[in-house]
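Structural overview
Spelled out, the chains give:
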Amino acid sequence: MPSVKFETGRQFAIAMSAADPLAAYRDRFHIPKTPTGSDCVYLCGHSLGLQPKSTRAYIEQELQDWERLGVEGHFHARNPWMPYHEILAAPTARLVGALPSEVVVMNSLTVNLHLMMVSFYRPRPARHKIVIESSAFPSDQYAVQSQIVFHGYDPAESLIEIAPRPGETTIRTEDIEKLIAEKGDQIALILLSGVNYYTGQAFDCRRFTEAGHAQGCVVGFDMAHAAGNLQLHLHDWDVDFAVWCSYKYLNGGPGCVAGCFVHERQARNQDLPRFAGWWGHDKNNRFQMPSKFQPIAGAEGWQLSNPSILSMAALRASMEIFDEVTIASLRAKSETLTSYLEFLLAREACEKFSSLTPRDPSHRGAQLSLQIKKGGRAVCARLSQQGIICDWREPDILRVAPVPLYNSFLDVHTFADKFLSEIKA
Ligand SMILES: *Cc1c(COP(=O)(O)O)cnc(C)c1O
């Protein structure tokens, strides 16, 4: 959608919904219901995406094949389970801007992050540091700290946390670049988010990758809040590795199998150290059970175990929708939808809250993080009682995600109305 002149009235929201080329996709999802049976206003796709109506049939197919075939399903299921993960390679590659051989779905996010660090965090006395955001998701912080300790270093010395300047809420691009330029020769790994989960800030991945590489650093990204949200070009950006989960914007369902990207440059390097398992072994002789590990060239070579078919079936249902709608058109609607939310919240001067999220649409995804001066937790609870579902983060942040795939302009309007009246109450 080209830039639109927003209006505050409800009629405008109805007109925007009517003109929205993606409006029909909402119908492809189960929208949670209030106790009285009306649709919730679900603005929590950054935590758990909604269930596509097609998911059940995809899972049902695998249950039937298991029922019918038992172990033979590995080869004779309608979608044989042995190569099942391969079906997901092409749509996943399209989603994150990669070659199919550079991506694999496996494990869960934090597990994949550890596996990637086993291969790509190779500290030496002269270069042992990891750069992360000070407000990185706790699991990422635990993962990097434990990797540092595992290698015999001390997080107090090896971990560099980059923070916003005092009085500011997001990290300046130039501050990250300055850090890389000044300390690059001590930095082994730069690990940033595509989108910070707390503030909704989107980082310039291409720029930081280039800056890191110029200093000889490995550059990886946690795309948990970026996959299915932003247009990614992991291959062209020359990112070394990336990981993401598929239960947030990707709607794979709770605990769904996660994603992993290893750049072609790296993925064909069989000398990289890695934790190995049989599913990463050369497919040609995996079942001859040889004792020496020979990794598959590409991201698949990092697989450990035979994966959960039921979980991948759910992800297939979702990826089919992404392929149909395309991330480019989702992103176009997303920019408009989030800007519309921002516009509605700004219509009355209100000192009781402010947004932490960057105002420039190119520096954010489908999220506003509202910092509430007083009583925010109670506001969130009262909204929830009215069927408006967002996410509360201590101590004072309400994270609101208008997801372009299933949220409407009317959802955003309803939220803004109720939020403003609750906050003033
Ligand atoms: C959601 C999220 C996680 C969660 O990790 P799991 O391993 O899937 O439980 C970790 N890191 C980030 C940045 C996240 O947004």
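Notes on the structure in this doc start here. These figures come from a predicted structure and were not determined experimentally. (Residues numbered from 1 in each chain as written. Predicted model: local features only at pLDDT ≥ 70, side-chain atom pairs only at ≥ 80, totals over all residues. Heavy atoms only, no water.)

Moving on, we get to the layout of surface pockets. By rolling a water-sized probe across the atoms, one finds the places where empty space is left. Considered as a void within the structure, the largest pocket measures approximately 340 Å³ in volume. Elements supplying a minimum of two residues to the lining of the largest pocket: α10 (205–214) and α14 (327–345). Of the residues forming the lining of the largest pocket, the biggest block, four residues, is contributed by α10. Classifying every residue of the lining of the largest pocket gives eight nonpolar, five polar and five charged. Looking at which domains feed residues into the lining of the largest pocket, each of domain 1 (10–30 + 326–423) and domain 2 (60–323) gives three or more. (1 Å grid on protein atoms, 1.4 Å probe; cavity = no way out; pocket = protein on both sides within 12 Å on 5 of 7 lines; lining within 4 Å. Points joined across faces, edges and corners; volume = space filled by probe spheres on them. Helix = DSSP H or I, 4+ residues; strand = E, 2+ residues; numbered from the N terminus. Nonpolar A, V, L, I, M, F, W, Y, C, P; charged D, E, K, R; others polar. Domains from an automatic or database assignment.)

In this section: the pairing of strand β5 (residues 187–193). With respect to burial, β5 is a largely interior element, seven of its seven residues being buried. Pairing between strand β3 (residues 129–133) and β5: three bridges, direction parallel. Within β5, the residue paired with V131 across the bridge is I190. Bridge count for β5 against strand β6 (residues 218–222) is five bridges, and the pairing is parallel. In the sheet register, I190 faces β6, and the bridge partner there is V219. Where the polypeptide runs from β5 across α10 and back to β6, its parallel neighbour, the crossover connection is right-handed. (Buried < 20%, exposed > 50% of the residue type's maximum accessible area, 1.4 Å probe, protein only. Pairing = 2+ DSSP bridges. Right-handed = clockwise from strand over helix to strand, strands pointing away.)

With antiparallel pairing, four strands are arranged side by side in an open sheet as β9-β10-β13-β12. Both edges of this open sheet fall to β9 (353–355) and β12 (391–393), since each of them pairs with a single strand only. In this sheet, adjacent strand axes meet at a mean angle of 30° when their direction is disregarded. For β12 and strand β13 (residues 397–400), the ladder comprises three bridges, and the chain directions are antiparallel. (Axes fitted to C-alpha atoms, helices over the stretch in contact; angles between N-to-C directions.)

An α-helical turn contains 3.6 residues, so a residue and the one three or four places further along point in the same direction. Here helix α16 (residues 409–424) contains 16 residues, and its C-alpha end-to-end distance of 23 Å stays within 8% of the 22 Å for a straight helix at 1.5 Å per residue. Within the sequence span of α16, burial applies to F409, D411, V412, H413, T414, F415, A416, F419, L420, E422 and I423. (Expected span 1.5 Å × (residues − 1).)

Once that is clear, we can look at helix α6 (residues 109–120). Across its twelve residues, α6 extends 16 Å between first and last C-alpha, which sits within 8% of the 16 Å expected from 1.5 Å per residue. Within α6, nine of the twelve residues are buried, leaving the element largely enclosed by the surrounding structure. By the burial criterion, the buried members of α6 are L109, N112, L113, L115, M116, M117, V118, S119 and F120.

Bringing the environment of Q386 into the picture now. Residue placement: Q386 occurs in the loop between α15 (376–385) and β11 (388–389). Classification of Q386 as partly exposed rests on a relative accessible area of 34%. Between the C-alpha atom of Q386 and that of S318, which follows or precedes it by 68 residues, the distance is 28 Å. At 2.9 Å, the side chain of Q386 and the side chain of E422 are in polar contact. (Polar contact = N/O pair within 3.5 Å; in protein donor to acceptor, adjacent residues only side chain to side chain.)

The ligand sits among L109, T110, F137, D140, D222, A224, H225, Y247 and K248. The contact in question runs from a nitrogen atom of the ligand to an N or O atom on the side chain of D140, over 2.6 Å. Within the side chain of Y247, a nitrogen or oxygen atom sits 2.5 Å from an oxygen atom of the ligand. In the complex, the protein chains occlude 83% of the 390 Å² of accessible area that the ligand would expose alone. Taken together, the residues of the shell around the ligand break down into four nonpolar, two polar and three charged. (Near = heavy atom within 4 Å. Areas by Shrake-Rupley, 256 points an atom, 1.4 Å probe, with all protein chains shown as cover.)

As a further point, take empty space enclosed by the protein. Evaluated as defined, the whole model comprises three cavities of 30 Å³ or more. One number sums up the size of the largest cavity: a volume of about 50 Å³. H85, L88, A89, T92, V103, V104, V105 and E300 are the residues that line the largest cavity. Put simply, the parts of the chain that give the lining of the largest cavity at least two residues each are α5 (89–96) and β2 (103–106). Among the elements that line the lining of the largest cavity, the one with the most residues is β2, at three residues. Considered as a void within the structure, the second largest cavity measures approximately 40 Å³ in volume. Around the second largest cavity, the lining residues are T92, L95, V105, W244, S246, L250, V257, A258, G259, L315 and M319. Among the secondary structure elements, those contributing two or more residues to the lining of the second largest cavity are α5, β8 (258–262) and α13 (309–325). Grouping the constituent residues of the lining of the second largest cavity by class yields eight nonpolar, three polar and no charged.

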